[in-house]
Amino acid sequence: MSNTKSFPKGFLWGGATAANQIEGAYNEDGKGLNIADVLPGGGKIRQIVRKDHSFELNIDQEKYHYPNHLAIDFYHRYKEDIALFAEMGFKTYRMSIAWSRIFPNGDELEPNEKGLEFYDNVIDELIKYNIEPVVTLSHYEMPLHLVKEYGGWRSRKVIEFFERYVTVVLDRYKNKVKYWLTFNEINAGLKIPLFSLGFLPLKDEDENKQATFQGLHHQFLASAKAVKLAHEIIPDSIVGCMLISAPVYPYDSNPENVMYALEESQIFNFFCGDVHVRGVYPTYIDKHWKKHNVKLEIEDGDLELLKEGTVDFISFSYYMSRTERVGRTEADGRPGNVIGGAANPFLKASDWGWEIDPTGLRIILNELYDRYQKPLMIVENGLGAYDKVDENGTIQDDYRIDYLRSHISAMADAIEDGVDLIGYTSWGPIDIVSAGTGEMEKRYGFIYVDLDNEGNGTLERKKKKSFDWYKKVIETNGQEL
Ligand code: BG6
């Protein structure tokens, strides 16, 4: 399909992954355990774990399979994989650095040289192909020791450890990496503290809210410090925040539902972005804190730091929109990325029940740009689907092409609306372990990896039909969809 709308020159096309979902080698070369290493795989187990306040955060190989331990073995195969990204013409690759490869426990004074060497190699390999790295500092992979000994981001002490880690990596890659992201989907902490804030949800709702907002406060401070450090160490660096963004639609035109959707949108979609971009806490949050007895501990200098460390651009993930109404229960709706919504009769859903809504992407691009007037980058988007290798050995993933085509087309519309969109990295350009369910068979890639949910397979890489399609999209800068 030919697209009459155009993308700006130099648009950053590429793909995105996270260390814990792609690398494997979970205990090699001095790497310490992180939170993802103790999350079992297998269908719904991970969904249960994330809500279970008493889950033991240990490895029990007899009882569970841990897909992240091997992941797709990018640690040993990065050259082959990056060569395939280069073949597709990637201009950029979003990756994360696993904090516990650099500081195995998180609180050491000296970094692990072997861990740094691995990222030296990966980054050099990208640069060899003129692929611009976009590096996430923290993507659901906090060192486990910080989770167990300090209670994750609830502890203010963790800011200092994060700062040490960030200083080391900024300094190491100062001549190689310009684009940095601080916390992946920071607003996910509001729903899944375990992944994002490093603590198991607390039983009491108000106590859980207190811990969540205090933890977020510490992350906002850590992010602001990282922005300032990046600007000092790498004067031309461009540092962004990273949000889950899903426009919230009211279920109907009942003003009560419209107001409810607005409040949900403020708290889930915009609260974190408002602090990152404007450097102040928005007034609407006071009411929410009052309702849940949240009393934030703010120290002298904190509010100044938030103002000084605002981000240069906003990056976000987009998989779906969300429909809300007063009184909706969790049982009454569709699942989603971290947060689901009421079923929207106008939308079809993926194999995992996530609603497919390309226009929602155009809407959220407009909402974010109207609100912040800063450059935007979509750093995750894609379709998790079951892929089949057919009798000819090919993978005909036309459904993925349809999904991506419609979303890229919506991006072109948003650019015409006046939105300053600078890049697009589709999620999991090569099949990787899913974060939400710990499955291998929830596949997003243009490149198939021969590995199943139980860890069986050759790990062989195979191009899917979408591989050549995306290559053409990039080659024509989005003209040929
Ligand atoms: C985002 C995460 O929430 O969604 C990724 O940043 C994750 O880490 C992606 O993989 C897709 O979710 P899932 O559960 O399909 O892997």
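See the structure above.
Residues numbered from 1 in each chain as written. Predicted model: local features only at pLDDT ≥ 70, side-chain atom pairs only at ≥ 80, totals over all residues. Heavy atoms only, no water.

Concerning the packing of helix H9 (residues 205-233) against helix H10 (residues 255-278)
Working step 1: The N-to-C vectors of H9 and H10 enclose an angle of 35 degrees; their axes lie 10 Å apart at closest approach. The handedness of the crossing between H9 and H10 comes out as right-handed. Across the interface between the two elements, Phe213, Leu216, Phe220 and Ser223 from H9 touch Phe271, Cys272, Val275 and His276 from H10.
Working step 2: Of the residues in the contact of H9 with H10, the class split is 6 nonpolar, 2 polar and no charged. (Axes fitted to C-alpha atoms, helices over the stretch in contact; angles between N-to-C directions. Helix = DSSP H or I, 4+ residues; strand = E, 2+ residues; numbered from the N terminus. Left-handed = near helix turned anticlockwise from the far one by under 90°. Contact = heavy atoms within 4.5 Å. Nonpolar A, V, L, I, M, F, W, Y, C, P; charged D, E, K, R; others polar.)

Looking at the packing of helix H5 (residues 113-128) against helix H7 (residues 157-172)
Working step 1: One way to put it is that H5 packs onto H7 with a least axis distance of 11 Å and a crossing angle of 45 degrees. Considering the angle they form, H5 stands oblique to H7. At the point where H5 passes H7, the crossing takes the right-handed sense. Side by side, H5 and H7 meet where Glu113, Leu116, Glu117 and Asp120 of the first sit next to Val168, Val169 and Arg172 of the second.
Working step 2: Among the residues making up the contact of H5 with H7, the classes are represented as 3 nonpolar, no polar and 4 charged. (Parallel < 35°, antiparallel > 145°, perpendicular 65-115°, else oblique.)

Re helix H13 (residues 358-372)
Working step 1: If you check H13, its first and last C-alpha atoms are 22 Å apart, about what 15 residues at 1.5 Å a residue would give, namely 21 Å.
Working step 2: Within H13, burial applies to Gly360, Leu361, Ile364, Leu365, Asn366, Leu368, Tyr369 and Tyr372.
Working step 3: Turning to H13, the residues buried within the fold contact strand S6 (248-250), H10, strand S7 (313-317), strand S9 (376-380), helix H14 (398-417) and strand S10 (421-427).
Working step 4: Positioned one or two residues after H13, Gln373 has a phi angle of 55 degrees, which is positive. (Expected span 1.5 Å × (residues − 1). Buried < 20%, exposed > 50% of the residue type's maximum accessible area, 1.4 Å probe, protein only.)

Describing the layout of surface pockets
Working step 1: In this structure, the second largest pocket spans a volume of roughly 170 Å³.
Working step 2: Contributing to the lining of the second largest pocket are Pro247, Val248, Tyr249, Pro250, Ala261, Leu262, Ser265, Gln266, Phe270, Ile363, Glu367 and Arg371.
Working step 3: Elements with a minimum of two residues in the lining of the second largest pocket: S6, H10 and H13.
Working step 4: The element best represented in the lining of the second largest pocket is H10, accounting for 5 residues.
Working step 5: Among the residues forming the lining of the second largest pocket, the class breakdown is 8 nonpolar, 2 polar and 2 charged. (1 Å grid on protein atoms, 1.4 Å probe; cavity = no way out; pocket = protein on both sides within 12 Å on 5 of 7 lines; lining within 4 Å. Points joined across faces, edges and corners; volume = space filled by probe spheres on them.)

Remarks on the site of the ligand
Working step 1: Surveying the vicinity of the ligand reveals 14 residues, the closest of which are Gln21, Glu185, Ala435, Gly436 and Tyr444.
Working step 2: Between an oxygen atom of the ligand and a side-chain N or O atom of Gln21, the distance comes to 2.7 Å.
Working step 3: Trp427 has a polar side-chain atom sitting 3.2 Å from an oxygen atom of the ligand.
Working step 4: Notes on the ligand: free accessible area 380 Å², of which the protein chains cover 98%.
Working step 5: Looking at the shell around the ligand residue by residue, the classes come out as 5 nonpolar, 6 polar and 3 charged. (Near = heavy atom within 4 Å. Polar contact = N/O pair within 3.5 Å; in protein donor to acceptor, adjacent residues only side chain to side chain. Areas by Shrake-Rupley, 256 points an atom, 1.4 Å probe, with all protein chains shown as cover.)

Some thoughts on the environment of Pro282
Working step 1: Assignment of secondary structure puts Pro282 in the loop between H10 and helix H11 (285-291).
Working step 2: Since its relative accessible area comes to 9%, Pro282 is described here as buried.
Working step 3: A C-alpha to C-alpha distance of 9.4 Å links Pro282 and Cys272, two positions 10 residues apart in sequence.
Working step 4: Ignoring any residue separated from it by four or fewer positions in sequence, one finds Pro282 in contact with Phe271, Asp274 and Val275.

Overview of the nonpolar core
Working step 1: One finds Phe271, Met411 and Tyr470 to be the most contacted residues of the largest nonpolar core, which totals 148 residues.
Working step 2: Per-element tally for this core: the top contributor is H9, with 11 residues.
Working step 3: Beyond its immediate sequence surroundings of up to four residues, Met411 is in contact with Phe7, Phe11, Trp13, Leu361, Leu365, Ile378, Leu421 and Tyr424.
Working step 4: In this structure, Val134, Tyr179, Leu181 and Met242 belong to the second largest nonpolar core, which totals 8 residues. (Core = buried A, V, L, I, M, F, W, Y, C linked by side-chain atoms within 4.5 Å.)

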